[in-house]
Amino acid sequence: MATYAADQLYEEVAYLAYHFHWPLDQLLDLEHAERQRFVAQAARLGGGMTG
């Protein structure tokens, strides 16, 4: 099982919390692929992060 870089996780969680106003526990419960999909969607909506 591969581990996910903590810095990347924090960046994605902060980005989603900022754009979607979701609580931390819900963001941390997202699977990696699902979280990245929401990051991509936020970027398309004008958020700027490219994942």
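For clarity, every value in this text was computed on a predicted model and none was experimentally measured. (Residues numbered from 1 in each chain as written. Predicted model: local features only at pLDDT ≥ 70, side-chain atom pairs only at ≥ 80, totals over all residues. Heavy atoms only, no water.)

Participant: How would you summarise the environment of Tyr 4 if you had to cite specific residues and measurements?
Facilitator: One can find Tyr 4 in the segment before α1 (6-20). Linking Tyr 4 and His 32, residues 28 residues apart in sequence, is a C-alpha distance of 8.6 Å. (Helix = DSSP H or I, 4+ residues; strand = E, 2+ residues; numbered from the N terminus.)

Participant: Let's hear about the confidence of the model for the protein chain: which residues, and what values?
Facilitator: Per-chain confidence: the protein chain averages 87 in pLDDT, with 84% of residues scoring 70 or above. Across the protein chain, the element-wise mean pLDDT spans from 90 in helix α3 (residues 32-47) up to 95 in helix α2 (residues 24-29). (pLDDT = per-residue confidence, 0-100.)

Participant: Talk me through the packing of aromatic side chains; I want residue IDs and the actual numbers.
Facilitator: For the coordinates displayed, the defined rule picks out three aromatic pairs. Ring geometry for Phe 20 against Trp 22: centres 4.9 Å apart, planes inclined by 25°, an arrangement best described as stacked. Residue classification places Phe 20 among the partly exposed positions, given a relative accessible area of 22%. Residues Trp 22 and Phe 38 carry aromatic rings whose centres are separated by 4.9 Å and whose planes lie at 90° to one another, so their mutual orientation is edge-to-face. Taken together, the residues span a long stretch of sequence, with Trp 22 in the loop between α1 and α2 and Phe 38 in helix α3 at a distance of 16 residues. Residue classification places Phe 38 among the partly exposed residues on the basis of a relative accessible area of 28%. Taken together, Phe 20, Trp 22 and Phe 38 form an aromatic cluster joined through their ring pairs. (Phe/Tyr/Trp six-rings, centres within 6.5 Å; stacked < 30°, edge-to-face > 60°. Buried < 20%, exposed > 50% of the residue type's maximum accessible area, 1.4 Å probe, protein only.)

Participant: So what's going on with α1? Residues and values would help.
Facilitator: Here α1 contains 15 residues, and its C-alpha end-to-end distance of 21 Å stays within 8% of the 21 Å for a straight helix at 1.5 Å per residue. Taken as a whole, α1 has its buried residues at Glu 12, Val 13, Tyr 15 and Leu 16. End-on view of α1: buried residues confined to an arc of 160°, all on one side of the axis. Counted as exposed and oriented over 90 degrees from the buried face of α1: Asp 7, Tyr 10 and Tyr 18. Positive backbone phi, approximately 60°, marks His 21, located one or two places after α1. (Expected span 1.5 Å × (residues − 1). Arc of directions from axis to C-beta.)

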